[in-house]
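Architecture at a glance
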Amino acid sequence: MSSFYHDLAADAGTPYWLYDEAVLQRRLSNIAWLTEGPGLQPRFAMKACPATRVLAAMRSHGLWIDAVSGNEVLRARHAGFAGGNDPPQILFTSDAWRDNALAVIQQERILPNLGSPGMVEMLRQAGYRGPIALRVNPGFGHGHVNTCDTGGPSAKHGIWHEDLPAVAGAAAAAGLRVVMLHAHIGSGPQPAELLHNWQRLAAAFETLLPLFPEATAVNLGGGLPFNYRAAEGREAWLPDLRDLLVQIAGRLARAAGQAGLRVEIEPGRYLMAPVGTLVTRVLDVKRTRGDARGPGVTFVMVDAGFNDLLRPALYGAHHALQVLRGEADEPVTGEVAPVVVAGPLCEAGDVFTREANGLLAPRLLPCPQPGDLLLIHDVGAYGYAMSSTYNSFGPAPQFWRTSGGEVQMMSRRGTLADLLRLETG
Ligand SMILES: Cc1ncc(COP(=O)(O)O)c(C=O)c1O
């Protein structure tokens, strides 16, 4: 039996992140199948996992990039993606520019995707005169949880659809050609919702395209669902999504009066979620006793916290958990009990098993013991990318397992010296 996880833990310490190339290859082949055919182009929403190694894999499979900051653009350039806007291998989607954003757009000639009407004037004042994309809030949409609303009146993203005629006029007056319309409306938790929303989105773009005669592309955003509660497999809805995408591409090409209209999608989570695992060590198991305020709880204390993986604390995200015991990576089976998995941070919310409303959600696990490894699955998207140094813990190292089984370090564990390096006095 393999002792892979334990050996790596013995060498590198815990917690650590592990990315599996073989899983990524399978996800990439699904996306290649989904977007096969002329005019269909996938981008990787790199915010999900911006590691150079991952970006290089995306590039070698012909994906382009959706970036959200000047530094993300430069990381994509570092990984080999071309600058320039013809074709726009890198799209820069933002609701508010900061730091080096405007400088990077100009120096690298990156296609900016404007998420706010005032950005037209900001670009004009900065001296930019190139092509632009407009991110539309079409008035509907739904993230994978309610706190991630991506379209509709409560969503901060994009330009409200009724403001588009005015923005079209302002862009023309500023000498900015609108070459792409974009929307990211999220998946909702169910695939059926994405199919329904994309149909509505296609109808919205059909109405909007005549306002933008220079548009050569439409981007439908990301938000392809990933089911965190079920094992990886070929999702039954993929063929439906493929049929719908081809149908939408035809509809939009007719609305634009251009057979060659490019239709893009930009998944992040779908590609990366199942690729990553966070490996933690169980340090202790302790119990509270019930009283009038509620029942007692068994806490499994592990060495990862929300400084490593924020999603459960941020929005009650569910991740599958697995306990491994002994040097041989044996999965623990047998009797299960409800436990709450918690980390080392000085925050009551540093808990990996909780609901979106913040309440504890004890998980049925074969009772872990100190020394066991606890694997937190499906953390490749918005895992390391959202981590912080809260409580002065250094970022955990990232490892890459090649399809051939070789393990390579992608980033080392952060140290106190790394934390102090930014201080100036
Ligand atoms: C503009 C845009 N595109 C793509 C994505 C990727 O979404 P997902 O990772 O759910 O596919 C996001 C997510 O926030 C986004 O804001």
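Here the structure is a predicted model, which means the values were calculated and not measured.

Broken down by element type, the protein chain carries twelve helices and 19 strands. In summary, the protein chain has a C-alpha radius of gyration of 23 Å against a globular reference of 22 Å for 425 residues, a match within 12%. Projected onto its principal axes, the C-alpha positions of the protein chain cover 65 × 50 × 50 Å. In the structure as shown, the protein chain presents an accessible area of about 18,300 Å², 53% of it carried by carbon and sulfur atoms. Separation between the mean location of the 36 positive side-chain charges and that of the 40 negative ones in the protein chain comes to 3 Å.

Our focus in this paragraph is the packing of aromatic side chains. Tallied over the full model, the rule gives six aromatic pairs. Sitting above the plane of the Y270 ring, R27 keeps its charged end 3.9 Å from the centroid. Sitting above the plane of the F4 ring, R401 keeps its charged end 4.2 Å from the centroid.

Within the largest apolar cluster, 104 residues are counted, with the highest numbers of intra-cluster contacts made by F44, M58, L134, W198, F205, L220 and M272. Looking at this core, the element that brings in the most residues is helix α9 (residues 238-256), giving eight residues. When residues of this core are assigned to domains, at least three map to each of domain 1 (4-16 + 274-416) and domain 2 (21-272). Leaving out residues up to four positions away in the same chain, F205 has contacts with V136, L181, H182, A183, V218, N219, L220 and L252.

Let us look at the packing of helix α4 (residues 70-78) against helix α5 (residues 101-108). Two elements in contact, α4 and α5, have axes separated by 8 Å at closest approach and are oriented at 35°. Mapping the contact onto sequence places G70, V73, L74 and R77 in α4 and A101, V104 and E108 in α5. Here the residues of the contact of α4 with α5 are counted per class, giving four nonpolar, one polar and two charged.

Moving on to the domain arrangement of the protein chain. Annotation of the protein chain at the domain level lists domain 1 (4-16 + 274-416) and domain 2 (21-272). Once you take the C-alpha centre of each, domain 1 and domain 2 turn out to be 32 Å apart. At the junction of the two partners, domain 1 supplies 20 residues and domain 2 supplies 26 residues. Summing both partners gives a buried area of about 2,000 Å² for domain 1 against domain 2, and 61% of it is carried by carbon and sulfur. Among the residues of domain 1 in contact with domain 2, P274, Y382 and W400 are the three that bury the most area, contributing 31% of the side total. Where domain 1 packs against domain 2, one counts zero salt bridges. At the boundary of domain 1 with domain 2, the tally comes to six residue pairs in polar contact (both at pLDDT 80 or more). When residues of the side of domain 1 that touches domain 2 are traced back to their parent elements, those giving at least two are α11 (311-315), β18 (398-401) and β19 (407-411). Class assignment of the residues belonging to the side of domain 1 that touches domain 2 gives a composition of nine nonpolar, eight polar and three charged.

Between helix α8 (residues 191-208) and α9, the shortest axis-to-axis distance is 10 Å and the interhelical angle comes to 5°. Between α8 and α9, the interaxial angle falls into the category roughly parallel. Every residue of α9 that contacts α8 at L194, L195, W198, Q199, A202, A203, F205 and E206 is listed here: D240, L241, L244, L245, I248, R251, L252 and A255. Residue composition of the contact of α8 with α9, by class: twelve nonpolar, one polar and three charged.

Here β18 shows no split at all, with Q398 and W400 on one side and F399 and R401 on the other all buried. The pairing of strand β1 (residues 16-20) with β18 spans four bridges and is classified as parallel. In the strand pairing of β18, L18 is matched with F399. Between β18 and β19, which follow one another and run antiparallel, lie five residues, and G405 among them has a positive phi close to 95°.

Around the ligand, 15 residues are found, and the nearest of them are G223, E266, G268, R269 and Y382. Within the backbone of G268, a nitrogen or oxygen atom sits 3.0 Å from an oxygen atom of the ligand. Compared with its free state, where it exposes 390 Å², the ligand has 88% of that area covered by protein. For the shell around the ligand, a count of residues per class yields four nonpolar, six polar and five charged.

Here Q25 is to be found in helix α2 (residues 21-34). Judged by its relative accessible area of 31%, Q25 falls in the partly exposed class. Along the primary structure Q25 and A56 are separated by 31 residues, whereas in three dimensions their C-alpha atoms are 13 Å apart. At 3.3 Å, the side chain of Q25 forms a polar contact with the side chain of H61.

Taken as a whole and judged by the stated rule, the model has 13 salt bridges. Across the pair K156 and D95 runs a salt bridge, and its minimum N-O distance is 3.6 Å. One end of the pair, K156, is in the loop between β6 (131-137) and β7 (159-160); the other, D95, is in the loop between β4 (90-94) and α5, with 61 residues separating them in the sequence. A relative accessible area of 18% places D95 in the buried class. One network of salt bridges, in which partners are shared, links R43, R262 and E264.

Criteria and thresholds
Residues numbered from 1 in each chain as written. Predicted model: local features only at pLDDT ≥ 70, side-chain atom pairs only at ≥ 80, totals over all residues. Heavy atoms only, no water. Helix = DSSP H or I, 4+ residues; strand = E, 2+ residues; numbered from the N terminus. Rg over C-alpha atoms; globule rule 2.2 N^0.38 Å. Areas by Shrake-Rupley, 256 points an atom, 1.4 Å probe, with all protein chains shown as cover. Lys, Arg positive; Asp, Glu negative; His and termini not counted. Charge placed at Lys NZ, Arg CZ, Asp CG, Glu CD. Phe/Tyr/Trp six-rings, centres within 6.5 Å; stacked < 30°, edge-to-face > 60°. Lys NZ or Arg CZ within 6 Å of the ring centre and 35° of its normal. Core = buried A, V, L, I, M, F, W, Y, C linked by side-chain atoms within 4.5 Å. Buried < 20%, exposed > 50% of the residue type's maximum accessible area, 1.4 Å probe, protein only. Domains from an automatic or database assignment. Contact = heavy atoms within 4.5 Å. Axes fitted to C-alpha atoms, helices over the stretch in contact; angles between N-to-C directions. Nonpolar A, V, L, I, M, F, W, Y, C, P; charged D, E, K, R; others polar. Buried area = accessible area lost by both parts, 1.4 Å probe. Salt bridge = Lys/Arg side-chain N within 4 Å of Asp/Glu carboxyl O. Polar contact = N/O pair within 3.5 Å; in protein donor to acceptor, adjacent residues only side chain to side chain. Parallel < 35°, antiparallel > 145°, perpendicular 65-115°, else oblique. Pairing = 2+ DSSP bridges. Near = heavy atom within 4 Å.

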